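Chain residues, written in single-letter form:
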Amino acid sequence: MTRPETRTAPSPAPENGGLAFAFRHCEELVREGDPDRYFATLFAPPAFRPHLFALSAFSLTVARVREAAGNPMAGEIRLQWWRDALQGEARGDVRANPVAAALEDAIVARRLGRQPFVDLIDARVFDLYDDPMPRVNDLEGYCGETAASLIRLSALVLADGAEPGGAAAAGHAGVAYGITGLLRALPWHARQGQVYLPGDLLRKNGVTREDIVTGRGGPGLLRSCAELRALARQHLASYAAARATIIPAARPAFLPVALIEPYLAAMERPGYDPLNTTIEIARWRKIWRLWRTARRG
């Protein structure tokens, strides 16, 4: 899974300690906030890891805007800053932000388009408000613009200028990974008043937003979660069918997909409560599964 290091020469260092500091900051941010992607990135060739961590750190930072901002208006302002930074319209030196500095270097050095990053930011506007996800296809679109987009961009980084293939595979992988992550985060989101479960699915199963945010739950919520797990597995199967279209160099971008099935299986154990059960995998088992998948290529 390795290949010769062909990393583009780094850009001039920002004033906040240089790109080396920015990349270290991103790596630490991902290690603490998104351990699954952190461990998966360690299986990528070393020359590409700084830019992969930059992408993940950006995604994580934008995902945390609601928590950091405290209210929707402040969140909208923060997201607009990121749009402006990507489009060269932000005031001041954007490079003073280590995540922005590292991301800019990744975009330039790896010749990435900027629109996917803007689309990811736009998708995250939903996070700022308490409205339920309207429909199942809206949830799939949200996961496509967030989790799937990050996989596709990571594949482009690893391809280092070549077409990595696997666009459809990235789409299905991201939707499966995104749905699984939202089911795992359901207890935390419910306490924050957020509902990512689609409204059409909840209505079909007789569940209201209040049932979720007040912790009532019930059989209808269990049925809704089971249907979403089935949907995640459908996308997982579609990803597997399209996996052959991914060039070998880009495959590390898809490694987090290896953790989907164990997470889903953990949700099907007796006594699972969607609003109170923490779904996690032991770190040794997580690393072993990523290692085994990486070895298989």
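These figures come from a predicted structure and were not determined experimentally.

1. Brief notes about the overall build of the protein chain
In terms of helices and strands, the protein chain carries 15 helices and 0 strands. Relative to its length of 297 residues, the protein chain is compact, with a C-alpha radius of gyration of 19 Å against a globular reference of 19 Å. Here the C-alpha coordinates of the protein chain stretch approximately 55 × 45 × 30 Å along the principal axes. The 297 residues of the protein chain split such that 50% are buried. Put simply, of all contacts in the protein chain between residues at least 6 apart along the chain, 74% involve residues at least 24 apart. Carbon and sulfur atoms make up 54% of the accessible area of the protein chain, which amounts to about 13,200 Å² in all.

2. Remarks on the packing of helix α5 (residues 72-86) against helix α6 (residues 98-109)
Here α5 crosses α6 at 35°, and the two axes come no closer than 11 Å. Between α5 and α6 lies a crossing whose hand is right-handed. Residues Trp-81, Trp-82 and Leu-86 of α5 touch α6, and the partners they reach there are Val-99, Ala-100, Leu-103 and Ile-107. Residue classes in the contact of α5 with α6 are distributed as 7 nonpolar, no polar and no charged.

3. Some remarks on the side chain of His-189
By secondary structure assignment, the location of His-189 is in helix α10 (residues 186-191). Setting aside chain neighbours within four positions, we find His-189 in contact with Leu-182, Gln-194 and Tyr-196.

4. Brief notes about the nonpolar core
Counting 96 residues, the largest nonpolar core has Leu-55, Phe-58, Phe-117, Ile-179, Leu-197, Ile-212 and Phe-254 as the members making the most contacts within it. Sort the elements by how many residues they give to this core and helix α8 (residues 136-159) lands first, with 10 residues. Setting aside chain neighbours within four positions, we find Ile-179 in contact with Leu-139, Cys-143, Leu-228, Leu-231 and Ala-232.

5. Quick word on the confidence of the model for the protein chain
Looking at the protein chain as a whole, its pLDDT mean stands at 92, while 93% of the residues score no less than 70. For residues 1-16, every residue scores under 50 in pLDDT, and the model assigns this stretch 43 contacts once sequence neighbours within four places are set aside.

6. Describing the packing of aromatic side chains
In this structure the tally under the stated criterion is 9 aromatic pairs. Each ring, one from Tyr-38 and one from Phe-53, has its centre 5.6 Å from the other, and the planes form 25°; the classification is stacked. Of the two residues, Tyr-38 sits in helix α2 (residues 35-41) while Phe-53 sits in helix α3 (residues 49-63), which places them 15 residues apart along the sequence. Comparing Tyr-38 with Phe-53, the two get one shared label, buried. One residue, Arg-184, lies across the ring of Tyr-263, its end atom 3.8 Å from the ring centre.

7. Describing unusual backbone geometry
Residue Arg-111 is not a glycine yet carries a positive backbone phi of 55°. Looking at the secondary structure, you find Arg-111 in the loop between α6 and α7 (115-123). In this structure Arg-111 comes out as exposed when scored by relative accessible area, which is 52%. Its identity is not glycine, yet Asp-160 carries a phi of approximately 50°, on the positive side. Given a relative accessible area of 15%, Asp-160 falls into the buried group.

8. Some words on the pattern of salt bridges
The full count for this structure, using the stated rule, is 19 salt bridges. The partner of Arg-152 in a salt bridge is Glu-163, with the nearest N and O atoms 3.2 Å apart. Taken together, the residues span a long stretch of sequence, with Arg-152 in helix α8 and Glu-163 in the loop between α8 and α9 (167-184) at a distance of 11 residues. Arg-152 gets classed as partly exposed once you look at its relative accessible area, which sits at 22%. A salt bridge links Lys-204 to Glu-227; the nearest nitrogen and oxygen atoms lie 2.6 Å apart. Of this pair, Lys-204 sits in helix α11 (residues 199-204) while Glu-227 sits in helix α13 (residues 219-242), and the two are 23 residues apart along the sequence. The partly exposed category is assigned to Glu-227, whose relative accessible area is 29%. Shared partners join several salt bridges into a network, and the residues in it are Asp-36, Arg-184, Glu-280 and Lys-286.

9. Quick notes on the environment of Val-157
Here Val-157 lies in helix α8. Separated by 36 residues in the primary sequence, Val-157 and Gly-193 place their C-alpha atoms 36 Å from one another. Discounting chain neighbours no more than four positions away, the residues touching Val-157 are Phe-48, His-51, Leu-52, Leu-55, Arg-110 and Leu-112.

10. Some remarks on helix α15 (residues 283-296)
Between the first and last C-alpha of α15 there are 20 Å, a value that for 14 residues agrees with the 20 Å anticipated at 1.5 Å per step. Contacts made by the buried residues of α15 are with α2 and α14 (260-266). In the stretch just after α15, Gly-297 is the one whose phi turns positive, near 75°.

Cut-offs used in this document
Residues numbered from 1 in each chain as written. Predicted model: local features only at pLDDT ≥ 70, side-chain atom pairs only at ≥ 80, totals over all residues. Heavy atoms only, no water. Helix = DSSP H or I, 4+ residues; strand = E, 2+ residues; numbered from the N terminus. Rg over C-alpha atoms; globule rule 2.2 N^0.38 Å. Buried < 20%, exposed > 50% of the residue type's maximum accessible area, 1.4 Å probe, protein only. Contact = heavy atoms within 4.5 Å. Areas by Shrake-Rupley, 256 points an atom, 1.4 Å probe, with all protein chains shown as cover. Axes fitted to C-alpha atoms, helices over the stretch in contact; angles between N-to-C directions. Left-handed = near helix turned anticlockwise from the far one by under 90°. Nonpolar A, V, L, I, M, F, W, Y, C, P; charged D, E, K, R; others polar. Core = buried A, V, L, I, M, F, W, Y, C linked by side-chain atoms within 4.5 Å. pLDDT = per-residue confidence, 0-100. Phe/Tyr/Trp six-rings, centres within 6.5 Å; stacked < 30°, edge-to-face > 60°. Lys NZ or Arg CZ within 6 Å of the ring centre and 35° of its normal. Salt bridge = Lys/Arg side-chain N within 4 Å of Asp/Glu carboxyl O. Expected span 1.5 Å × (residues − 1).

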